[in-house]
Structure formats: structure tokens, C-alpha cells
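Structural overview for review
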Amino acid sequence: MNAKWTGLCFLALALPMAHANQASPITKVLQLMSDMQTKVIGEGEAAHAIYVEFAEMCEERSKNLQFEIKTGKGEVAGLEAAIDEETAMAAALDTKVEELTGSIATDEGDLEAATKIRAKESTDFMAEEKELSEVIDALQRAIGILEREMAKHGASMMQIKNAGSLAKTLQLLVDAAALTSADAKGIAALVQTQQSNDDADMGAPDPAVYKGQSGGIIDTLGDLLEKAEGQLAELRNKETAALHEFEMLKQSLQDKIKYETKELDEAKTGIAASNEKKATAEGDLEVTTKNLNEDVTALSELHSECLSKAQDYEAETKSRGEELTAIATAKKVIAESTSGASGLSYGLSQVSLLQRSQSGGLKVVRFLRELAQKHHFPALAQLSMRMDAAIRTSDDPFAKVKGLIQDMIETLEKEAEADATEKAFCDKELAETNAKKDAKTSEIKKLSTKIDQMTSRTAQLKEEVAELEKGLSALAKTQAEMDKIRLEEKEEYAKAKEEMEAGIKGVQLALKVLRDYYAKSDKAHASDEGGGAGIIGLLEVVESDFSKGLIEMTSTEEAAQAAYEQETKENEI
């Protein structure tokens, strides 16, 4: 029987403890959070280095574009000024061309008109000169004839004397074939012209001037000849003056036309040159304006891109800071609030109430208690109480339990030896008694039977009294130890419950912080979603373990309290 109890005790102590050699999930969570912090900080430093390089590029590129824009604006202003200048020049030259063209046309018209007038004047002069020359010739001939006739004193002279007037005299000369009718008409016309001039200058002439005496007629014709010659000389002088004036005008107009034509050609050449320069400047302006617009657009896009990158970097930095804050907050909460619960759930010390509830030691205690109650074996009940106390107070509970079991085994062996000695004594006494009994069988049969009965009854009663006294003593001692242990268990449970509840709240708070952050859709940087999900998953396991541990602790406490009350009640009975 002793061997049986010993085997059962060691078998119970051999039950495995699942958590003893495993790393604490809280430790893993804290390590993962530290690793994530290091990773996020490293990513932030890398992002900062990239942004600094990008910012330097933005600044350098902005300076270059601003210089190019400034240069381009200067070039555009210069080209626009050149275009305006050439446009003004071309406009001025166009106006000059119009003026010169008009002036040349006017001068050519004036020259053409003057040439026509000169031609008409020349024609008129030639006709008048011819007419006057013919009249002078006729007058000269008439005078010559009259003078010759007067010298002869012929009959014809008598007719001339009787003519009475110049007209009749001329008619007689015509009739005498001395003059032609044309000559007569010319002389008559001259006389009429002279008469008209005299009328205009002096009033009506005296008709006696033209009365017919040969001397008077010759003088008259002489006067007419002189006047005709004077008119011819005057006509020729006027012609010479008019021709000279025309030549001067013609030369002047031709020189002017030549100069204006030269200026016109120069103006047209200038217009062509200005238009060419303007076209070149406009082409250059188009290219320069296009380049300037491209530079302005590039600068605007650069500013927009750089501003966007700066805002993105600021948002990423802020978001990364928020992630670090969330991790640090969760880490702080876990570190500050879960140490007790972690020790109770995952610690290596077997002093933990939760671990005792999950360990083989408590199973052994429960097994021994149930066995002691079932078989009414106070020694086992006492052993179970000592084992429970040893598990609570010893740093090495298994060594202590082994020692208690070894002590109980030694006690059982001593009791077995005492039982064997008592049995041998009883066998010896029984043999002697049997010998005497054989001698005195008949004599003491009744007494012996009565004595044996009384002796057996007495011994039995003594044994029962001793056993009861021993049991009562052990029971009282066990009850006292049970009371003490129950009080300690209750206090330890209250403390452990507080720590477990604080740990659960801390884990829940950490989960809320992490879930709230990683659930945001507006994070500006690529947060470690995988790492965060891993930590959240592990914290959910920890929360489940803590909650399960708290339930098991509560269940264990309730079971221990119920067992204590039941055993106390039984002990009282």
C-alpha cells in the first residue's frame, strides 16, 4: 500500500507544465513594438534623407528656372521693342512711300502737264511766228511795191492813191497780184489786232490814219511792219523765256522725281529690311516666348511638385509620429499594466495562483485531498496541505514536495515496521498462550474466552480512542493549516484578480490605440500594417489568455472556497 501511494504521488508530480519553458507573449509584444519603433524611425530617417536631397534639387532647379525666366523676359522685352521699332519704322517708311509715290505722281503729272503746255505754247509760237513772219514779209513786200510804184508814178499808183483806205489799198495790191489774198488778210488781221490794242489802250483810233494817200499808207505799213517786227521779237523773247522756264521746271521736276524715286527705292528697301528684321524678331520672339512660357510652366509645376512633396513629407512625418506615438502609448500601457497579469499567466515562478491552477502540483494536491477524503486517510490530507503550502512558498516547489513525500514515505515505513514488531510480539504471545491453553484448556476455557473477548474489546477500544485522538489532533492541525492557507489563497486571489483585470484593461487600451491608428485610411506614409496586424493579433491572444486566466482563477478560487467549506464542514462533523 505504501508503494502504491508513493507511485501515485510521483505520477501526479510528473504532469507537464505547458508554459514553463515558453517565452512570454507580453515579452514578444514588447519586443515586436520595439522592433517596429526602430523600423519606423529608420524609415523616417531614410525618408528625411530623400526629402533633403529632393529639397536641394527643388531649390537649385528653381534658381535656374528663375534665372532663365528673368533672362527670357529681358529677351522678350528686347524683341518686342525691336518689333515695335521695326513696325514703327516700316509704318513711317510706308507713309513716306505713300507720300513719295504721291509726290512723284504729282511731279510726273506736273511735268506731263507742263510738257503738254510747252508743246502747245511751242505750237502756238510757231504758228504766231509764221503768221507774223508772213505778215512782215507781206508788209515788206507791200511797202517795197508801194515805194516802187510811187517811184514810177504809174496808173496803178493812181488807183492806190484813189483807194482812200488801207483795206482798199491792200485789195488793189491783191488785185494787181502784188500781194496774195492771204498776205492781205494777214496784214488786215495785224491792223485789226493793232486797232484792238489801240482801242484798249487809247480809245477809238482816228479813221484818218487809214485814209488813202500813198505817203500815209507807206508810213502806216511801215508802222505796222515795225509793230509786227516788235511783236515777233517779243513773241520770240517770250518763247525763249517760256522755253527756259519750262526747261528749268522740267529739270527741277526731273531732279525731284529722280531724288524722290531714289528715296522711294531706299524706303522700299528699308521697309523690306524692317519687315525682314521684324519677321526674324517675331520668330525669335515666338521661340523665346514659348521657351519662357515653358520655363514659367515648369517653375509653376516645380513649385507645385515641391510644395506637394513638402506637404506629403510633412504629412508622412506627422503620420509616422502618430504611429510611433500609438506604438509608444500601447507599449507604455502594456509595460505598466500587464506586468502582474503577465507574471500570473506566463511567468516561470510556480508561486502564481493561475499557474498553480494549471500546474501538475495543484492536480497532485487535489488528487491527494480527494483520495484522503475518499479513504478517510488523515495522513494524506495533511500531506496535501503541506504540499499546497510548499507550492505557494517555495522557490523550488518540486524539491519541497519531493521532500514532503519522502518524509511521509519514511513515516509510513516506520509505522509499517512498528506494525510488524507488534505482530511478531502478538504471534509470540499467542504461541505461549496457546501452549498454556493446551494445558489448561478445560480449566480456563470459559475464562479465556471471556478474557479474550474483553481483552479484544479493550484493545479495540483503546486503538479506536488512540486513533481518534490522533485523528482529531491531525484534523485540528490540518484545519488550522487549511484556514491559514485559505486566507492566503483568498488574499492572493484578490491581488491576482486586480492584476489580471488591470492587465486586461491595459491590453484592451493598447488594442484600441493600435486598432484606431491602423484602421485610419488617411495615413500619409506606408505604415507597417503587417507588423501592426501581427502585434494586434498577439495582443488579442494575450487578452484571450488573460481573460481565460481570470475566468480560471475565479473558477479555481470558487472551487477552492467550496472545497474548503465542504472539508471544514466535514471536519466539524
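About the cut-offs
- Residues numbered from 1 in each chain as written.
- Predicted model: local features only at pLDDT ≥ 70, side-chain atom pairs only at ≥ 80, totals over all residues.
- Heavy atoms only, no water.
- Helix = DSSP H or I, 4+ residues; strand = E, 2+ residues; numbered from the N terminus.
- Buried < 20%, exposed > 50% of the residue type's maximum accessible area, 1.4 Å probe, protein only.
- Contact = heavy atoms within 4.5 Å.
- Core = buried A, V, L, I, M, F, W, Y, C linked by side-chain atoms within 4.5 Å.
- Phe/Tyr/Trp six-rings, centres within 6.5 Å; stacked < 30°, edge-to-face > 60°.
- Lys NZ or Arg CZ within 6 Å of the ring centre and 35° of its normal.
- Patch = residues over 30% accessible without salt bridge, like charges linked within 9 Å, V, L, I, M, F, W, Y side chains within 5 Å.
- Areas by Shrake-Rupley, 256 points an atom, 1.4 Å probe, with all protein chains shown as cover.
- Salt bridge = Lys/Arg side-chain N within 4 Å of Asp/Glu carboxyl O.
- Lys, Arg positive; Asp, Glu negative; His and termini not counted.
- Charge placed at Lys NZ, Arg CZ, Asp CG, Glu CD.
- Disulfide = S-S within 2.5 Å.
- Polar contact = N/O pair within 3.5 Å; in protein donor to acceptor, adjacent residues only side chain to side chain.
- pLDDT = per-residue confidence, 0-100.

**Notes on the overall build of the chain**
Of the regular secondary structure elements, the chain holds 13 helices and zero strands. Going from N to C terminus, the chain has its helices and strands arranged as α-α-α-α-α-α-α-α-α-α-α-α-α. Each of the 573 residues in the chain was classed as buried or not, and the buried ones make up 34%. By sequence separation, contacts in the chain at least 24 residues apart represent 84% of the contacts at least 6 residues apart.

**Some words on helix 7 (residues 339-346)**
Three- or four-residue spacings in an α-helix give side chains the same orientation, since the helix completes a turn every 3.6 residues. The buried fraction of helix 7 amounts to six of the eight residues, a majority that puts the element mostly inside the structure. Turning to helix 7, its buried residues are G340, A341, S342, L344, S345 and Y346.

**Observations concerning the nonpolar core**
Across soluble globular proteins, you tend to see nonpolar side chains buried next to one another. With 29 residues, the main nonpolar core has M33, L514, L539 and F546 as its most contacted residues. The set of elements that each furnish at least two residues to this core consists of helix 2 (25-152), helix 6 (214-337), helix 7, helix 12 (441-519) and helix 13 (529-572). Once residues within four sequence positions are removed from consideration, L539 is found in contact with V29, M33, I334, V507, A510, L511 and L514.

**So, the packing of aromatic side chains**
Tallying each qualifying case throughout the model produces two aromatic pairs. Residues Y51 and Y313 carry aromatic rings whose centres are separated by 4.2 Å and whose planes lie at 0° to one another, so their mutual orientation is stacked. With a gap of 262 residues between them, Y51 in helix 2 and Y313 in helix 6 connect regions that are remote in the sequence. Ring plane angle 80° and centroid distance 5.1 Å describe the contact between Y517 and Y518, whose orientation is recorded as edge-to-face. Judged by its relative accessible area of 4%, Y517 falls in the buried class. In this structure, K309 is placed above the aromatic ring of F54, and the distance from its NZ or CZ to the ring centre is 5.8 Å.

**With respect to a negative patch on the surface**
Together, D219, D223, E226 and E229 give the surface a local cluster of negative charge. Mapping D219 onto the fold places it in helix 6.

**Describing the environment of Q140**
For Q140, the location among the structural elements is in helix 2. Residues Q140 and L221 lie 81 residues apart in sequence; the distance between their C-alpha atoms is 8.3 Å. If sequence neighbours within four positions are ignored, Q140 has contacts with L225 and E229.

**Quick word on the state of the cysteines**
Summed over all chains, the structure comprises one disulfide. Covalent S-S linkage joins C58 and C306, the inter-sulfur distance amounting to 1.9 Å. The S-S bond linking C58 to C306 shows a torsion near -100°; that makes this disulfide left-handed. Remark: C306 occurs in helix 6 and C58 occurs in helix 2; sequence separation between them is 248 residues. One exposure class covers both C58 and C306, and it is buried.

**Quick notes on the pattern of salt bridges**
Tallied over the entire structure, the rule returns 13 salt bridges. Across the salt bridge formed by K256 and D107, the nearest N and O atoms sit 3.6 Å from each other. Placement of K256 in helix 6 and of D107 in helix 2 is noted, with a sequence separation of 149 residues between them. Salt-bridge contacts for K512 lead to D516; the nearest nitrogen and oxygen are separated by 2.8 Å. Of the two residues, K512 and D516 both sit in helix 12, four residues apart, roughly one turn of that helix. On the basis of relative accessible area, K512 is assigned to the partly exposed category, the value being 49%.

**As for the environment of A326**
Positionally, A326 belongs in helix 6. On the basis of relative accessibility, which here comes to 6%, the residue A326 falls in the buried class. With 189 residues separating them in the primary sequence, A326 and R515 have C-alpha atoms 9.5 Å apart. Excluding residues within four positions of it along the chain, A326 makes contact with V513, L514 and Y517.

**Digging into the side chain of S103**
Looking at where S103 falls in the secondary structure, it is placed in helix 2. Among the residues examined, S103 registers a relative accessible area of 17% and is labelled buried. A distance of 2.3 Å separates polar atoms of two side chains, one belonging to S103 and the other to E260. Every residue in contact with S103, bar those within four places of it in the chain, is listed here: K256 and E260.

**Some points on the confidence of the model for the chain**
The predicted coordinates ought not to be read in detail in places where the model reports low pLDDT. Model confidence for the chain is summarised by a mean pLDDT of 75, while 65% of its residues fall at 70 or above. Taken together, the stretch residues 154-164 has pLDDT below 50 and engages in 19 contacts with residues farther than four places along the chain or on a different chain. Every residue in residues 348-360 scores below 50 in pLDDT, and together they form 45 contacts with partners more than four places removed in sequence or on other chains.

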